[in-house]
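Working through the structure, step by step
Listed here are the chains, written in short residue letters.
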Amino acid sequence: MIELSSVTKTFNSGKHNQFTAVDGVNLTIRPGQLTILKGPSGSGKTTLMALIGCMSRPSSGRICLHGIRTSFFTETDREAALDITSLPERFLTEIRRSTFGFIFQQFNLMKGITALENIMLPAYPTGESQAVFRRRALELMELFAVARHSSSPVDWLSGGEQQRVAIARALINNPAIIIADEPTAHLDSKLSREFMEMVGTLKAQGKTILIASHDPLVFDSELADCVVGMRDGRITDIAGSP
Amino acid sequence: MNTPLNRHGNILDFAISSLLRRRSKNFSLLVVYTLIVFVIASLIFFVQAMKREAGLLLKEAPDLVVQRMIAGRHDLIPDRYKEQIGAIRGVTAVTPRLWGYYYDQVFGANYTLLVPEQKLVEPGSILIGPGVARNQRIQVSDMLTLKTSSNAPLLLTVQGIYPSSSELISSDLIVLSAEDFQAMFNLPAGYATDLAVTVANPQEQTTIAAKIAEQFPDTRPILKSEILRTYDALFEWRGGMMVVILFVAVLSFIIFAWDKATGLSAEERKEIGILKSIGWETSDVLLLKFWEGIVISLTAFLVGVVLAYGHVFLFSATLFEPALKGWSVMYPHFKLTPVIDVYQLTILFALTVLPYTAASIIPAWLAATVPPDAAMRS
Ligand SMILES: Nc1ncnc2c1ncn2[C@@H]1O[C@H](COP(=O)(O)OP(=O)(O)O)[C@@H](O)[C@H]1O
Ligand SMILES: [Mg+2]
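1. Let's talk about the overall build of chain B
Scanning chain B from terminus to terminus reveals 11 helices and 12 strands. Per-residue burial over chain B gives 48% buried out of 378 residues. A separation threshold of at least 6 residues defines the contact pool for chain B, and within that pool the share at least 24 residues apart is 80%. Total accessible area on chain B stands at roughly 18,800 Å², and carbon and sulfur atoms take up 63% of it.

Have a look at this one:
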């Protein structure tokens, strides 16, 4: 479970171009659910997801994670809330690596590197044995029907295939939470539907999923448990289980 | 199991994949780099090996050599000096020596002519160095014709050829009898080129040299240690080494600058952003860049040094032949005995591998401090 209370993110604080992208957000994201952030461009969805995903820190407010596994918290702490807003950078990276899988709007794949290596990329610095995560990566490629491209440079793949590689990469470290920012922005309707099918698969596996999108194909999907409307950095409405 | 060793291995693996993407650029970089290391390591090996040869040579040299000087120039020394110097206390033996140089106009080569202290050959016979044999295309029992200073031909039979594994000096050497030597140069009897003096106690060498200089103002005694020093000066390359070091440093700097100027592009910057966004720490990115730098520079260093070793010790530094015209026709064709100066190789290592690796890391370090969410907005 992720709990946000009065989370605010202000850019360029104190300067003439000061801008509050996320403004006093209170939100609970339940485990195993598909939560969708819906809102026009510039409404603060990406900023909010970066905060949740331990990529940046809020200017004020608290973000608590419940029931996550980390190497630096002992057994007894696991069910306790972990306030990520006050953690040192190193721990944030560790949480980001072990708990979150990211699917970016631009896929953010590495050109010239094979699809397989792209998928393995988040696992390299964990110190896990390569043989082990290579097997996992190949299974994921199998699952997303891109196995035959495993040794092709990733930039040779089609847009839909690249997205599936990006999803596989998000899953390589077995994260509990998947974060996807505008995942269908570069896909046609057919591929977008395929993407939502894959989201269904992940949900069935028990993953917590957070998607930011202004694509009706996504936020009108019946897979969605909770749709959070946003505008100007604020939550306007919450549909489904809050 | 998650281990730091795995982390290094994984990131090294990825560094190699990453380098292979820009295959032609990195390969040409590696070639140029290897070439530089090769040339410098060859020089180091060559000079060390030559120094060793010279050192061996001088071990055989006499404690003290007495030359006669006339008008400031080296001249023949009369045999009577032998008795007088031999009478000085502390002197064990005085041996007159006969040696000189001969230029063969037909073959365009310089030979060293030497009469051995102990008689090795009868008049009419000679022993020659492998360089002479090669140059004259002669074998044992062939005839060699030299021209005396009165322009008469002197026919000599080759009685033996020094093995090609022997020292530098024997390459251009002709060992002949005193009679033939005197005939060659029309020397008056009772004269020698110089005197070799043996001193019982090495600590007395300087005192005896001073005594000789005092008693015979027209002579110049030369101590073995002085010869050693002159030889050292001949191969003295501290000055040269500095130039070389500077050269390496500047070149590796140029290489890395060329590489990095074209290297840390928007593309690479973006890649660092991606890595950070998917959970790589700044230190992981730096480790990647470290391995990328090490792979290039260490490979260049190792390959360059191994090639240089082969070049100098297996192929007698053939590539230096045209550059070191000093040895001219008599360039040594024997195999040099391998000598490795660890100290100098360490300096070479420090000046090639370290700056390049550092230069790979530093710009990446600046780029790797970008916040991880930057990649979400690219
Ligand atoms: N690093 C930043 N500095 C200044 N303003 C920013 C920065 N990141 C985002 N913003 C601004 O915050 C607002 C919200 O952006 P974003 O979270 O990307 O919205 P969305 O993803 O909903 O389109 C935008 O107006 C954007 O210009
Ligand atoms: Mg956005």
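Here the narrative resumes, following the displayed structure.
2. Section: the interface of chain A and chain B
Taken together, the contacts link 33 residues of chain A with 30 residues of chain B. Summed over both sides, the interface of chain A with chain B buries roughly 2,800 Å², with 57% coming from carbon and sulfur. For chain A, the biggest contributors to the area lost against chain B are Asn108(A), Met110(A) and Tyr124(A); these three give 19% of the whole. The interface formed by chain A and chain B holds two salt bridges in total. Between Arg97(A) and Asp284(B) there is a salt bridge whose closest N-O contact spans 3.0 Å.

3. What to know about empty space enclosed by the protein
If a probe the size of a water molecule is rolled over the atoms, the empty space left behind becomes visible. Residues and elements named next belong to chain A. Tallying each qualifying case throughout the model produces seven cavities of 30 Å³ or more. Counting residues per element, the ones that place at least two in the lining of the largest cavity are helix 2 (89–99), strand 6 (100–103) and helix 5 (159–171). Take the lining of the largest cavity: its biggest share by element is three residues, from strand 6. Each residue belonging to the lining of the largest cavity can be placed in one class, and the counts come to seven nonpolar, four polar and three charged.

4. Structural notes on helix 11 (residues 342–368) of chain B
An α-helix turns once every 3.6 residues. As a result, residues three or four positions apart point the same way. All names here are of chain B. Along its 27 residues, helix 11 runs 37 Å from first to last C-alpha, staying within 8% of the 39 Å computed at 1.5 Å per residue. Turning to helix 11, its buried residues number three or more, namely Gln344, Leu345, Leu348, Thr352, Val353, Tyr356, Thr357, Ala359, Ser360, Ala364, Ala367 and Ala368. Between a side-chain oxygen at the N-terminus of helix 11 and the backbone nitrogen of Tyr343 the separation is 3.0 Å; the capping residue is Asp341.

5. Re helix 5 of chain A
In a regular helix each residue adds 1.5 Å, so 13 residues correspond to 18 Å; helix 5 of chain A covers 19 Å between its end C-alpha atoms and thus fits that length. Within helix 5 of chain A, 12 of the 13 residues are buried, leaving the element largely enclosed by the surrounding structure. For helix 5 of chain A, the complete set of buried residues consists of Gly160(A), Glu161(A), Gln162(A), Gln163(A), Arg164(A), Val165(A), Ala166(A), Ile167(A), Ala168(A), Arg169(A), Ala170(A) and Leu171(A). Contacts made by the buried residues of helix 5 of chain A are with strand 6, helix 3 (115–120), helix 4 (130–143), strand 7 (177–181) and helix 6 (189–204) of chain A together with helix 9 (266–277) of chain B.

6. Points about the packing of aromatic side chains
All names here are of chain B. Applying the stated criterion across every chain yields a total of 13 aromatic pairs over all chains. Consider the rings of Trp99 and Tyr101, whose centres lie 5.9 Å apart with planes at 75°: the pair is edge-to-face. Of the residues examined, Trp99 reaches a relative accessible area of 23% and is grouped as partly exposed. Look at Tyr309 and Phe313: their rings are 4.9 Å apart centre to centre, the planes differ by 65°, and that puts the pair in the edge-to-face class. Within this pair, Tyr309 and its partner Phe313 are both found in helix 10 (residues 282–314), separated by four residues, close to a single helical turn.

7. With respect to the environment of Ser277(B)
With respect to the element layout, Ser277(B) can be found in helix 9. Look at Ser277(B) and you get buried, because its relative accessible area is 0%. Along the backbone, Ser277(B) and Glu292(B) are 15 residues apart, and their C-alpha atoms lie at a distance of 21 Å. Filtering out sequence-adjacent residues up to four positions away, Ser277(B) remains in contact with Met55(A), Arg96(A), Phe102(A), Phe104(A), Pro372(B) and Ala375(B). Within the structure, the side chain of Ser277(B) is placed 2.7 Å from the backbone oxygen of Ile274(B), a separation counted as a polar contact.

8. Thoughts on a nonpolar patch on the surface
A surface patch of nonpolar side chains, amounting to about 350 Å² of accessible area, comprises Ile362(B), Trp365(B) and Leu366(B). With respect to the element layout, Trp365(B) can be found in helix 11.

9. As for the pattern of salt bridges
As a working rule, side chains carrying opposite charge can pair if their charged atoms are close by. Per the counting criterion, the structure on display carries 16 salt bridges over all chains. Put simply, Arg97(A) and Glu281(B) hold a salt bridge, and the shortest N to O gap is 3.8 Å. In this pair, Arg97(A) sits in helix 2 while Glu281(B) sits in the loop between helix 9 and helix 10, so the two residues belong to two different chains. Residue Arg97(A) is classed as buried on the basis of its relative accessible area of 11%. The partner of Arg68(B) in a salt bridge is Asp218(B), and the shortest N-O contact between them spans 3.1 Å. With Arg68(B) in strand 1 (residues 64–70) and Asp218(B) in the loop between helix 6 (205–215) and strand 12 (219–223), this residue pair connects regions lying 150 residues apart in the sequence. Exposure remark for Arg68(B): the relative accessible area of 16% places this residue in the buried category.

10. Points about the confidence of the model for chain B
For chain B, the mean per-residue pLDDT works out to 81, and 84% of the residues sit at or above 70. Interface confidence for the predicted complex, expressed as ipTM, amounts to 0.90; the pTM equals 0.74.

11. Digging into the packing of helix 9 of chain B against helix 11 of chain B
All names here are of chain B. Between helix 9 and helix 11, whose axes approach to 9 Å, the crossing angle comes to 60°. On the basis of the axis angle, helix 9 is oblique to helix 11. As helix 9 packs across helix 11, the resulting crossing turns out to be right-handed. On the side of helix 9, the interface is formed by Arg269, Ile272 and Lys276, while helix 11 contributes Ala364, Ala367 and Ala368. By residue class, the composition of the contact of helix 9 with helix 11 is four nonpolar, no polar and two charged.

What counts and what doesn't
Residues numbered from 1 in each chain as written. Chains lettered and ligands numbered in written order. Predicted model: local features only at pLDDT ≥ 70, side-chain atom pairs only at ≥ 80, totals over all residues. Heavy atoms only, no water. Helix = DSSP H or I, 4+ residues; strand = E, 2+ residues; numbered from the N terminus. Buried < 20%, exposed > 50% of the residue type's maximum accessible area, 1.4 Å probe, protein only. Contact = heavy atoms within 4.5 Å. Areas by Shrake-Rupley, 256 points an atom, 1.4 Å probe, with all protein chains shown as cover. Buried area = accessible area lost by both parts, 1.4 Å probe. Salt bridge = Lys/Arg side-chain N within 4 Å of Asp/Glu carboxyl O. 1 Å grid on protein atoms, 1.4 Å probe; cavity = no way out; pocket = protein on both sides within 12 Å on 5 of 7 lines; lining within 4 Å. Points joined across faces, edges and corners; volume = space filled by probe spheres on them. Nonpolar A, V, L, I, M, F, W, Y, C, P; charged D, E, K, R; others polar. Expected span 1.5 Å × (residues − 1). Polar contact = N/O pair within 3.5 Å; in protein donor to acceptor, adjacent residues only side chain to side chain. Phe/Tyr/Trp six-rings, centres within 6.5 Å; stacked < 30°, edge-to-face > 60°. Patch = residues over 30% accessible without salt bridge, like charges linked within 9 Å, V, L, I, M, F, W, Y side chains within 5 Å. pLDDT = per-residue confidence, 0-100. Axes fitted to C-alpha atoms, helices over the stretch in contact; angles between N-to-C directions. Parallel < 35°, antiparallel > 145°, perpendicular 65-115°, else oblique. Left-handed = near helix turned anticlockwise from the far one by under 90°.

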